[in-house]
Amino acid sequence: MKLGFLINPFLLFPFAFLFLIGMYNLDWSDLFPELEFNTYIFIFILSVLFLVIGFIITKIGVIKYFDIPKHIIDKHNPWLVVIIMTILFIVDVLYSGTVPFLAGNIEEYENFGMPIIDPIILSMIIFYSIYWFHTFLSTKKKKYLLFIFFNILMCILMARRSALVYVFISFLLIYTQKKQSIRKRSILIIVVLVFCFSWLFGFLGNMKTGLDDNHTTQHMGATENFYKSGVSNVHYITYLYVCSPIANFQLTINKKDYNNSFGALVLGQFTPDFVANKIINLFSINFEIEEMETVISVLNVGTFFSGTYIAFGWLGIIFSVFYMVLFAFSIYFIYPKGSPYQVSINAFLCSIFLTALFSNTFRLGPVWFVFLTPLFLNFINRIKMLKVI
């Protein structure tokens, strides 16, 4: 099955959106509202637009898989990266006084991390996990799998589910891009891994909410359709997390109230959070938007488009679509075809587009740091201060 051409954010996004709509319509939860006609129209128009852009990008060859050249790999010292991340992780733990996964409760999860150090270590974990996987596929050297395992272990200890999502999505995309096609055996392995990841995601979700899987199904709207499906209860929380953003988006649209503030749209939805916070503090301005409508308080994300709708209505959603296009084109301008980092960055960009179906990933500090990391590495290599990273 040839799927390599799909490793393109504008092709993956509409297929993923339609897949989520299919999952949503399984009707496994009575917490979710019926999707309105205008929501379906928006999804259809957006899907058509992105598919057209995606096929144009594929046609002109903007995205192409390359193995990393040996001389580029030789410039990097993975052991130094591991040492730096270990030191930063220890600083994070000492500052917070706990390890979230071992503590196993929502308070430790939410309060963990030093303000400056935590985004840096998260961006390093994400970028180097993806880059080392690409390096492994390029060299077949198994030591890079050891480095990746180290990163994933830190991610689990920090209970950073979103980072794990970015990393595993990127792994799958790079592998598919290199192979261009997936054999039936590989599809079976992927299905098994998806179920394992769903279990881990549900487990971490229960840890975050402080609930167990039986309480989740009995008191959070599981329907007869879910019980008849034969799916394990621990996967129900994963279903809620996957589909609740669309439910919250629909509830937000149903409310029909929005701020009508272009400043709230630009500063609060499009500007990186670490920049927006500085501007807000420096000029003492407030561009906060109203709270998004949610099915329940613990399921508090609603796609990238929910916040833009609250800020500026349907016009805000239109601007957000243009923003996504501009964002992707900017990344491809910085990392063109032939760049040793394009494969890793493209996979991460695809994962950002996919996770935008759940929340506003475009303004997260660690996300921007991941995109900036290769530029920093190039700067270090150019001034020839040390052989690193």
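In this text the structure is predicted, and so the values were computed from the model without any measurement. Counting restarts for each chain: residues are numbered from 1 in the order of the written sequence. Owing to the predicted nature of the model, reporting of local features is limited to residues with pLDDT of at least 70; listing and counting of side-chain atom pairs is limited to 80 or more, with chain, interface and lining totals taken over all residues. No hydrogens and no water enter the side-chain calculation; it runs on all heavy atoms of the structure.

Now for helix α2 (residues 37–60). Helix and strand assignments follow DSSP, with helices taken as H or I runs no shorter than four residues and strands as E runs no shorter than two, numbered in order from the N terminus. By this rule, a helix spans an expected 1.5 Å times one less than how many residues it contains. Under the 1.5 Å per step criterion, the end-to-end length of α2 is 35 Å for 24 residues, consistent within 8% with the ideal 34 Å. Of the positions making up α2, those classed as buried are Thr39, Phe42, Ile43, Leu46, Ser47, Phe50, Ile53, Gly54 and Ile57. Contact between two residues is taken to exist if any of their heavy atoms lie within 4.5 Å; hydrogens are not considered. Lining the buried residues of α2 we find α1 (9–24), α13 (234–255), α16 (303–334) and α17 (342–355). Immediately beyond the C-terminal end of α2, within one or two residues, lies Gly61, with a positive phi of roughly 75°. With a 1.4 Å probe rolled over the protein chains alone, any residue whose accessible area is under 20% of its type maximum counts as buried; one over 50% counts as exposed, and the rest are partly exposed.

Residue position: Ile56 is located in helix α2. Taking relative accessible area as the criterion, Ile56 reaches 48% and is therefore assigned partly exposed. Distance from Ile56 to Phe10, taken between C-alpha atoms, is 9.8 Å for residues 46 residues apart in sequence.

Let's shift gears to empty space enclosed by the protein. Space inside and on the surface of the protein is sampled on a 1 Å grid over the protein atoms alone, with a cavity defined as a set of points where a 1.4 Å probe fits but cannot get out and a pocket as an open set with protein on both sides within 12 Å along at least 5 of 7 lines; lining residues have an atom within 4 Å of a point. Grid points are joined across faces, edges and corners, and a volume is the space filled by probe spheres set on the points. Within this structure, the stated rule accounts for two cavities of 30 Å³ or more. Forming the walls of the largest cavity are Ile73, His76, Pro78, Tyr131, Trp132, Thr135 and Tyr144. In terms of residue count, the dominant contributor to the lining of the largest cavity is helix α7 (residues 117–139) (three residues).

Judged by side-chain polarity, Phe37, Ile41, Phe44, Ile45, Val48, Val52, Ile56 and Ile60 come together as a nonpolar surface patch covering roughly 820 Å² of accessible area. Inspection of the secondary structure assignment puts Val52 in helix α2. Here a patch means residues that are over 30% exposed by relative accessible area and free of salt bridges, tied together within 9 Å if like-charged and within 5 Å if nonpolar (Val, Leu, Ile, Met, Phe, Trp, Tyr). For the accessible areas, the method is Shrake-Rupley and the probe is 1.4 Å, while residue cover comes only from the protein chains on display. In what follows, salt bridge is the name for a side-chain nitrogen of Lys or Arg lying within 4 Å of a carboxyl oxygen of Asp or Glu.

So, on to helix α9 (residues 161–179). If you check α9, its first and last C-alpha atoms are 27 Å apart, about what 19 residues at 1.5 Å a residue would give, namely 27 Å. Those residues of α9 lying buried are Arg161, Ala163, Leu164, Val165, Tyr166, Val167, Ser170, Phe171, Leu173, Ile174, Thr176 and Gln177.

Bringing the packing of aromatic side chains into the picture now. Here a pair means two rings of Phe, Tyr or Trp (six-membered ring of Trp) with centres within 6.5 Å. Their orientation is stacked below 30 degrees between planes, edge-to-face above 60, and tilted elsewhere. As enumerated under the stated definition, the model contains 45 aromatic pairs in all. Residues Phe127 and Tyr131 carry aromatic rings whose centres are separated by 5.6 Å and whose planes lie at 10° to one another, so their mutual orientation is stacked. Taken as a pair, Phe127 and Tyr131 lie in helix α7 at a separation of four residues, close to a single helical turn. Like Tyr131, Phe127 is buried.

Attention now goes to the confidence of the model for the protein. Per residue, pLDDT captures the predictor's confidence, and it can take any value from 0 to 100. Residues at a pLDDT of 70 or more form 86% of the protein, whose mean pLDDT is 84. The spread of mean pLDDT over the elements of the protein runs between helix α11 (residues 213–219), the lowest at 53, and α17, the highest at 95.

It is worth spelling out a positive patch on the surface at this point. A contiguous patch of positive charge on the surface is contributed by Lys140, Lys179, Arg183 and Arg185. You can see Lys179 is positioned in helix α9. By relative accessible area, which is 38% here, Lys179 ends up partly exposed. In this tally, Lys and Arg are treated as positive and Asp and Glu as negative; His is ignored, and so are the chain termini. Note that the charge is assigned to NZ on lysines, CZ on arginines, CG on aspartates and CD on glutamates.

With that settled, the discussion passes to the pattern of salt bridges. Taken as a whole, this structure holds three salt bridges when the rule is applied. As a salt-bridge pair, Asp67 and Lys178 come within 3.1 Å of each other at their nearest N and O atoms. Note that Asp67 is positioned in the loop between α2 and α3 (70–73) and Lys178 in helix α9, a separation of 111 residues in sequence. Owing to a relative accessible area of 24%, Lys178 belongs among the partly exposed residues under this scheme. Put simply, Asp118 and Arg160 hold a salt bridge, and the shortest N to O gap is 2.7 Å. Linking Asp118 in helix α7 with Arg160 in the loop between α8 (143–157) and α9, this pair joins segments that are 42 residues apart in sequence. Neither Asp118 nor Arg160 differs from the other in exposure class; each is buried.

Another aspect to go through is the side chain of Thr271. As for its position among the elements, Thr271 is in the loop between α14 (262–270) and α15 (273–283). Given a relative accessible area of 14%, Thr271 falls into the buried group. Under the rule applied, a polar contact is a pair of N or O atoms within 3.5 Å (in protein, one hydrogen donor and one hydrogen acceptor; residues adjacent in sequence only if both atoms are side-chain atoms). Among the polar contacts made by the side chain of Thr271, one reaches the main-chain carbonyl oxygen of Val266 at a distance of 2.7 Å. What Thr271 contacts, discounting residues up to four positions off in sequence, is Val266, Ala276 and Arg363.

The next subject is the environment of Ser244. By secondary structure assignment, the location of Ser244 is in helix α13. Ser244 sits in the buried class, given a relative accessible area of 0%. Taking the C-alpha atoms as reference points, Ser244 and Pro33, separated by 211 residues in sequence, lie 9.8 Å from one another. Not counting residues up to four positions away in its chain, the partners in contact with Ser244 are Phe32, Tyr239, Val295, Leu299 and Val301. A polar contact of 2.7 Å, which involves the side chain of Ser244, links it to the backbone oxygen of Leu240.

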